[in-house]
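# Structural overview
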Amino acid sequence: MNLDQRLNVLNKIYGLYDDFAGSLNVACKKYCAGCCTVNVTMTTLEGYLIARHIVSNGPSDIFLHAQGTLSKNRFKPKTTTNRLAGLCAKGDDPPEEENEYSDESCPLLKDDLCPIYRVRPFGCRCFVSTHDCQKAGYAEVAPFVVTVNTLFLQVIEHIDFMGFSGNFTDVLLFMASMENRDHYKMNTLKRPGADLVSNMPASVLMIPPEHRIKIKSILDALFSITGS
């Protein structure tokens with residue numbers, strides 16, 4: 001698939017998940033920003049979509065603000081969801097992630113509202129909780145929803161398997177460069193440094209046996225969208 005096709009698939013995947021999330025009984029609502037921290041991750045495909053949205057909407061200080069408020073303790077993943085799935089399938093241990101990172105708010109957040117809400121990455125879309133996180137201090141997510149979220153993460157990485165993943169701010173700032181966006185569009189993007197990790201195709205899906213029947217309709221819809 002070329003870039004336009006991948007972006008079209010990504011938007012359809014977002015739509016499918018938004019429909020699923022809309023059927024859940026969750027506490028999430030407008031101005032609920034407890035989960036909007038500096039620790040969100042995303043793929044370069046999602047970063048390209050967001051950067052293009054920002055650029056196409058005229059002059060903006062979003063990139064400069066993100067650069068100026070870059071958190072030193074942001075979560076920077078050492079592996080991707082599909083790589084983790086492959087390691088688990090082989091019985092290998094995944095690389096150890098940092099267990100301490102900041103809970104600072106997302107640098108893009110303004111008055112508890114997201115300026116890129118329409119094109120926000122899946123890492124933001126899948127933050128759902130059955131109770132108010134800010135009051136309880138933690139999110140409550142049903143096991144099946146976790147399985148669905150993981151499946152979507154795997155599929156989004158799969159369609160961007162030639163790209164990279166990383167912390168939201170790192171990917172966004174990388175895609176703020178027109179040169180990087182052009183290289184990404186032409187599939188000539190080289191490894192962008194230690195802060196981002198290479199994506200992988202999905203070789204095995206992390207769906208536990210007890211969820212395989214229930215998730216089949218979602219899986220079929222994803223396969224229909226991606227052509228896989």
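Relevant structure appears above.
Heads up: these notes are all about the structure in this document. (Residues numbered from 1 in each chain as written. Predicted model: local features only at pLDDT ≥ 70, side-chain atom pairs only at ≥ 80, totals over all residues. Heavy atoms only, no water.)

### Remarks on the sheet that holds strand 1 (residues 41–43)
An order of 1-2-3 is seen for the three strands of this open sheet, with the pairing classed as antiparallel. What marks the edges here is a single partner per strand, and that holds for strand 1 and strand 3 (197–198). The sheet contact formed by strand 1 and strand 2 (residues 164–167) spans three bridges and is antiparallel. Each bridged residue has a counterpart across the sheet, and for Thr 41 the counterpart in strand 2 is Asn 167. Sitting on the sheet, helix 2 (residues 44–56) touches strand 1 and strand 2, and the angle it makes with strand 1 is about 90°. (Pairing = 2+ DSSP bridges. Helix = DSSP H or I, 4+ residues; strand = E, 2+ residues; numbered from the N terminus. Contact = heavy atoms within 4.5 Å. Axes fitted to C-alpha atoms, helices over the stretch in contact; angles between N-to-C directions.)

### Here we look at the environment of Lys 190
Mapped onto the elements, Lys 190 comes out in the loop between helix 9 (178–185) and strand 3. A sequence separation of 21 residues divides Lys 190 from His 211, and the C-alpha atoms of the two residues are 38 Å apart.

### Brief notes about the side chain of Arg 120
Secondary-structure assignment places Arg 120 in the loop between helix 4 (81–90) and helix 5 (122–125). Not counting residues within four places of it along the chain, the set of residues in contact with Arg 120 comprises Tyr 14, Asp 18 and Arg 125.

### Describing the side chain of Glu 157
Turning to its location among the elements, Glu 157 is positioned in helix 7 (residues 143–159). Buried charge without a salt bridge: Glu 157, with Arg 83 as the nearest opposite-charge side chain at an N-O distance of 6.5 Å. Ignoring any residue separated from it by four or fewer positions in sequence, one finds Glu 157 in contact with Thr 43, Thr 80, Thr 81, Asn 82, Arg 83, Asn 199 and Met 200. (Buried < 20%, exposed > 50% of the residue type's maximum accessible area, 1.4 Å probe, protein only. Lys, Arg positive; Asp, Glu negative; His and termini not counted. Salt bridge = Lys/Arg side-chain N within 4 Å of Asp/Glu carboxyl O.)

### Topic: unusual backbone geometry
Across residues other than glycine, the phi torsion is negative in most instances, and most of the peptide bonds are trans. Despite not being glycine, Asp 112 has its phi angle at roughly 60°, a positive value. Relative to the helices and strands, Asp 112 resides in the loop between helix 4 and helix 5. Judged by relative accessible area, which is 39%, Asp 112 ranks as partly exposed. One non-glycine residue with positive phi stands out, namely Asn 187, at about 60°. Relative to the elements of secondary structure, Asn 187 occurs in the loop between helix 9 and strand 3.

### Observations concerning the environment of Phe 127
With respect to the helices, strands and loops of the structure, Phe 127 is situated in the loop between helix 5 and helix 6 (133–136). Classification of Phe 127 as partly exposed rests on a relative accessible area of 36%. C-alpha separation for the pair Phe 127 and Val 146, spaced 19 residues apart in sequence, amounts to 10.0 Å.

### Structural notes on the nonpolar core
Core analysis: the largest hydrophobic core is formed by 51 residues, its most contacted members being Tyr 17, Phe 168 and Ile 218. Secondary structure elements with two or more residues in this core: helix 1 (3–22), helix 2, helix 3 (62–68), helix 7, helix 8 (168–175) and helix 10 (216–226). Looking at this core, the element that brings in the most residues is helix 1, giving nine residues. Setting aside anything within four residues of it in sequence, one finds Tyr 17 in contact with Phe 122, Arg 125, Cys 126, Val 128, Val 145, Val 148, Asn 149 and Phe 152. (Core = buried A, V, L, I, M, F, W, Y, C linked by side-chain atoms within 4.5 Å.)

### What to know about the pattern of salt bridges
Applying the stated criterion across every chain, the model contains five salt bridges. The shortest N-O distance in the salt bridge between Arg 74 and Asp 195 comes to 3.8 Å. Placement of the pair is Arg 74 in the loop between helix 3 and helix 4 and Asp 195 in the loop between helix 9 and strand 3, with a sequence separation of 121 residues. The class for Arg 74 is buried, based on a relative accessible area of 12%. Taking the relative accessible area as the measure of exposure, Asp 195 reaches 31% and is therefore partly exposed. One connected set of salt bridges, linked through shared partners, spans Arg 74, Lys 76, Asp 170 and Asp 195.

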